[in-house]
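Topology and contacts: notes
What follows is the residue order along each chain.
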Amino acid sequence: MTFYTHIDAPFCGVILAGDHHGLSHLHLCTGEGKRVFEIDPAWERNDAFFKETAGQVLAYFNGELKEFHVALNPAGTAFQKRVWAELTKIPFGELRTYKEVAAAMGNDNASRAVGMANSKNPIPLIVPCHRVVGADGKLTGFAHGLAIKERLIRLEQETTPCLP
């Protein structure tokens, strides 16, 4: 049985969906971008099931959480899952290019494939695809819109203290 909930976060509404194996979807309800998301009628709303995850998401948006501790269960190809796993290694407040992610996976020439996998990420924030930028450092596509991507990056960079 897949459960879902909706939470009101500071930047936008958030829909969480998953089951006892882990979180399978996190949708940012921005009204922008190319991501279309619908709650399956077979899913059951269960706010209590997501209490801990929802708390972490809200703490993140409030600048109080830098690392999520949530069981994940995204659906995707083996390559997509490898990319998503690599994205979770990008530290809070830091950015990487698609080429840097590809190189970290052992294939400098896989930038486009990394970009495609990045765009299919069903669990943004927790799998931080917003931390990936173009080779020139500019913001590039984000399934939920560039405005929220910019806000997320700014939130993290303003929350991260400068090191001496």
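Residues numbered from 1 in each chain as written. Predicted model: local features only at pLDDT ≥ 70, side-chain atom pairs only at ≥ 80, totals over all residues. Heavy atoms only, no water.

Comments concerning the overall build of the chain
When you go through the chain residue by residue, the secondary structure sums to five helices and six strands. Each helix and strand of the chain, ordered N terminal to C terminal, gives the series β-β-β-β-α-α-β-α-α-β-α. Along the longest, intermediate and shortest principal axes, the C-alpha atoms of the chain span 40 × 40 × 25 Å. Classification of the 164 residues of the chain by burial places 45% in the buried group. (Helix = DSSP H or I, 4+ residues; strand = E, 2+ residues; numbered from the N terminus. Buried < 20%, exposed > 50% of the residue type's maximum accessible area, 1.4 Å probe, protein only.)

As for the confidence of the model for the chain
Residue-level pLDDT values for the chain average 93, and 97% of them are 70 or greater. Across the chain, the secondary-structure element scoring lowest on mean pLDDT is helix H5 (residues 146-159), at 92, and the one scoring highest is strand E4 (residues 44-45), at 98. (pLDDT = per-residue confidence, 0-100.)

Regarding helix H2 (residues 78-87)
Along H2, the residues that are buried comprise Gln80, Val83, Trp84, Glu86 and Leu87. One side of H2 holds all its buried residues, which, seen down the axis, span an arc of 160 degrees. Those residues of H2 hidden inside the fold are in contact with helix H3 (98-104), helix H4 (111-119) and strand E6 (132-133). (Arc of directions from axis to C-beta. Contact = heavy atoms within 4.5 Å.)

Points about the pattern of salt bridges
Tallying each qualifying case throughout the model produces four salt bridges. Glutamate 86 serves as the salt-bridge partner of lysine 89, at 3.4 Å between the closest nitrogen and oxygen. The exposed category is assigned to lysine 89, whose relative accessible area is 56%. Take glutamate 86: its relative accessible area is 14%, and that puts it in the buried class. In this structure, glutamate 156 engages arginine 131 in a salt bridge whose closest nitrogen and oxygen atoms are separated by 2.8 Å. Within this pair, whereas glutamate 156 is found in helix H5, its partner arginine 131 is found in the loop between H4 and E6, the two being separated by 25 residues in sequence. (Salt bridge = Lys/Arg side-chain N within 4 Å of Asp/Glu carboxyl O.)

Overview of the pairing of strand E1 (residues 3-8)
Examined bridge by bridge, E1 and strand E2 (residues 13-19) share six bridges and lie antiparallel to one another. Bridging across to E2, threonine 5 finds its partner in leucine 16. Following E1, the chain reverses through four residues before pairing antiparallel with E2. Relative to E4, E1 runs parallel, the two being bridged by two bridges. Along E4, the bridge assignment pairs tyrosine 4 with arginine 45. (Pairing = 2+ DSSP bridges.)

A look at helix H1 (residues 51-61)
Regarding H1, the residues found buried are Thr53, Ala54, Gln56, Val57, Ala59, Tyr60 and Phe61. In this structure, the buried residues of H1 make contact with E1, E2, strand E3 (22-29) and H5. Once H1 ends, the next one or two residues include glycine 63, with phi positive near 75 degrees.

Considerations on the layout of surface pockets
If you add up the space inside the largest pocket, you get close to 210 Å³. Considering the residues around the largest pocket, the lining is formed by Lys66, Glu67, Phe68, Leu72, Thr88, Ile90, Pro91, Phe92, Leu125, Ile126, Pro128 and Arg131. (1 Å grid on protein atoms, 1.4 Å probe; cavity = no way out; pocket = protein on both sides within 12 Å on 5 of 7 lines; lining within 4 Å. Points joined across faces, edges and corners; volume = space filled by probe spheres on them.)

Concerning the environment of glycine 63
Structurally, glycine 63 is set in the loop between H1 and H2. Here glycine 63 falls in the partly exposed class, since its relative accessible area comes to 23%. Setting aside residues up to four positions removed in sequence, glycine 63 forms contacts with Leu155 and Thr159.

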